[in-house]
Structure formats: structure tokens, C-alpha cells
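What the coordinates show
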Amino acid sequence: MDPFPLNRTPLPKLQLLVLFLVQFAEPLTSSVVLPFVNQFVRDTGVTGGDERKTGYYAGLLTLPSAVMKREMRVQSMVGPEPTAPLLRDDTPSYGSTGASQTDQTKTNIEAPVPFRGLLIPQVLVPLLVYITLAFIDMNTQVLLPLMYSTSISVGGLGFDAYRIGIVLSVFGFVNAFVQLFLLGKLVRLFGPRNLLALAQVSYATTIGLYPALTFLVRRAGRVNGKVWAVVVAQLVSRLATGMGWGE
């Protein structure tokens, strides 16, 4: 039995398909640079041969795209700014119908909510949760390819850009499938609050697995089966973090 019963209505599948295809460009444009940006920074020589400085410069390069991605997501959540027809008092009306429409439009225009009226828990709490999620997500999104591309001697996995691209591409397709076909069922089954809590825990798990990767790869001196198992566990945890963005 569904613990969160909702009155479900049929969805316009064709229109949603077009929307998904358009939306598909967002993750591509914002993340396509991630497998290559760290190697690019090292090749420029700006780090002076110190790989530990790569994250600073790579972060400067990827920050604008990450911020833009979150801004686009906020706009998609809030929607475009509402507009209303501007009516002048001297607008000509043709008969009683025009006059009644003019009067009705004037009474339907609502006054804008003052800024102080938005400073309420119903607005501030979701906003703070979103800011926290966005901050953590931007960090983990950039930290993952940085960790994978860093040399083993410095604590990374020593992956090249090609291998990082393959890993992130597979993760992207699996993540799209999960969000598209499973997220709705999981929301109805467990509720949005529980999935949001799961996303927060998954972020902690994703970050907490980095020391485990460093320990295992340094002990083995290479990326072996145990390291790959932790990589898979980390990416699975990343799948759960995406559920916190369900709209």
C-alpha cells in the first residue's frame, strides 16, 4: 500500500520527452570539462610541478559553470517572473465586455510580496537546505575527478583523462536512468523527507570514502579490485545524492 497516496494524473509524455532532451544539455555542458581540467592545469605549468596545487586552479576554472548550473536549477524551480498586462485608464473599451475585462484584470493583479514577507521559516528553511545541498554537491562534483586524476604518490588513483571520462559517462547514464524511472516510485514509497535525509547521508558517505581509497591504493601501489570496489560504492552513493534534487 502506498504510504504517500497522491492523486496521480496522466503526464504528457511527448512534451516531457522534448523537455528531457533539452535538459540533457545542462549536465553535459557543466560536467564535460571535469575529466580534462585537472590535466590541463598541470600541463600549463601554473602549479610549478606540485600536484597538490591543482585543486585550487581547477576550482577557479570550474566554479563559473557549477554556479551557473545551480542558478539554472533555481530558475527551473521558481519559474519565470510573472507578468501581467499593463492597462491604462484611457485604454479604449468596446462595449460592456471590454470594460468588464479591464476591471476584472485590475482586481486580479496581486501586489508583490515585500522582502520582509519572505523572511519566514516556510521560505528560509527550504532555501538553506538548497544552499547546503548546492555547496556540498559542487564540491563533490569537482573533488571526484581531482582525486581520480591525482598521482598515487600524492594520494589519488592516477587515472588518466580517458579513464575518468569513461567512469563519469557510465555513472551519468546510470544516474539518468535511476532519476527518470525510479525516483518517482521511491518518492511515493518513502516520501520526499526521507529521500532528502538519504541524500545528506550519501554526501557524507561519498566524501568519507576518499580516505579509504587513498589507504587501499597506497597499500597496493596500484588500482586493484578492492580499490575498484570502493570506487563503485562511492558512485552508488553519488546516485543517492541526486535524489535530494528531485523536483
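Below, the structure is looked at part by part. (Residues numbered from 1 in each chain as written. Predicted model: local features only at pLDDT ≥ 70, side-chain atom pairs only at ≥ 80, totals over all residues. Heavy atoms only, no water.)

**A word on the overall build of the protein chain**
Selection rule: Put simply, DSSP H or I for four residues or longer makes a helix, DSSP E for two residues or longer makes a strand, and each gets a number counted from the N terminus. By definition in these notes, contact holds between two residues if any of their heavy atoms fall within 4.5 Å. For accessible areas, the Shrake-Rupley method is used with a probe of radius 1.4 Å. Any residue's cover is judged against the shown protein chains and nothing else.
Along the protein chain, the regular secondary structure elements total 10 helices and zero strands. Overall, the protein chain shows an N-to-C arrangement of helices and strands of α-α-α-α-α-α-α-α-α-α. In the protein chain, the share of contacts with a sequence separation of at least 24, taken over all contacts with a separation of at least 6, comes to 73%. Split by element, the accessible area of the protein chain, about 16,800 Å² in all, is 68% carbon and sulfur.

**A word on the packing of aromatic side chains**
Short version of the rule: For Phe, Tyr and Trp, rings pair up if their centres lie within 6.5 Å, where Trp contributes its six-membered ring, and each pair is then called stacked (planes under 30 degrees apart), edge-to-face (over 60) or tilted (otherwise). For each residue, the accessible area found with a 1.4 Å probe, counting protein chains only, is set against the maximum for its type, and the residue is called buried under 20%, exposed over 50%, and partly exposed in between.
For the structure shown, the criterion picks out three aromatic pairs. Seen from their ring centres, phenylalanine 159 and tryptophan 228 are 5.3 Å apart, and the 25 degrees between their planes marks the pair as stacked. On the criterion of sequence distance, the pair formed by phenylalanine 159 in the loop between α6 (121-149) and α7 (161-181) and tryptophan 228 in helix α10 (residues 225-242) is long-range, its members being 69 residues apart. Classification of tryptophan 228 by relative accessible area gives partly exposed; the value is 31%. Arranged with centres 5.0 Å apart and planes meeting at 40 degrees, the rings of phenylalanine 177 and phenylalanine 181 form a pair that is tilted. Note that phenylalanine 177 and phenylalanine 181 are positioned in helix α7 at a spacing of four residues, about one turn of the helix. A relative accessible area of 46% means that phenylalanine 177 is categorised as partly exposed. According to the relative accessible area criterion, phenylalanine 181 is partly exposed, its value standing at 48%. Ring pairs connect the aromatic residues Tyr148, Phe159 and Trp228, which therefore count as one cluster.

**What about the pattern of salt bridges?**
Formally: Salt bridge, as applied in this entry: a Lys or Arg side-chain nitrogen positioned within 4 Å of an Asp or Glu carboxyl oxygen.
For the coordinates displayed, the defined rule picks out three salt bridges. The closest approach of N and O atoms between aspartate 50 and arginine 52, which form a salt bridge, is 3.0 Å. Of the charged contacts, one joins aspartate 137 and arginine 238 as a salt bridge, the two residues approaching to 3.4 Å between their closest N and O atoms. With aspartate 137 in helix α6 and arginine 238 in helix α10, this pair connects stretches of sequence that are 101 residues apart.

**Thoughts on the packing of α6 against helix α9 (residues 192-220)**
Defined as follows: All axes are obtained by fitting lines to C-alpha atoms, using only the stretch in contact for helices, and the reported angles, taken between N-to-C directions, cover 0 to 180 degrees. Angle categories are assigned with fixed cut-offs, so that under 35 degrees is roughly parallel, over 145 is roughly antiparallel, 65 to 115 is roughly perpendicular, and the rest are oblique. Left-handed describes a crossing whose near helix is turned anticlockwise from the far helix by less than a right angle; the clockwise case is right-handed. Each residue is assigned to one class: nonpolar for Ala, Val, Leu, Ile, Met, Phe, Trp, Tyr, Cys and Pro, charged for Asp, Glu, Lys and Arg, and polar for all the others, Gly among them.
Axis separation between α6 and α9 bottoms out at 11 Å; the angle between their running directions is 25 degrees. Judged by the angle between their axes, α6 and α9 are roughly parallel. The handedness of the crossing between α6 and α9 comes out as left-handed. Facing α6, whose interface residues are Val129, Leu133, Ile136, Asp137, Thr140, Leu143, Leu144, Met147 and Tyr148, α9 presents Leu196, Gln200, Tyr203, Ile207, Tyr210, Leu213 and Thr214. Looking at the contact of α6 with α9 residue by residue, the classes come out as 12 nonpolar, three polar and one charged.

**Here's the deal with the nonpolar core**
What counts is decided by this rule: Among the buried residues, those of types Ala, Val, Leu, Ile, Met, Phe, Trp, Tyr and Cys that are joined through side-chain atoms within 4.5 Å form a nonpolar core.
Ranked by size, the top nonpolar core spans 23 residues in total, and within it Tyr148, Leu157, Leu213, Val227, Val231 and Leu235 carry the most contacts. Contributing elements (two or more residues each) for this core: α6, α7, α9 and α10. No other element matches the six residues that α9 contributes to this core. Residues within four places of valine 227 in sequence aside, it is in contact with Leu157, Leu213, Leu216, Val217 and Arg222. Judged by nonpolar contacts, the second largest core, of five residues, contains Tyr130, Leu133, Tyr203 and Trp245.

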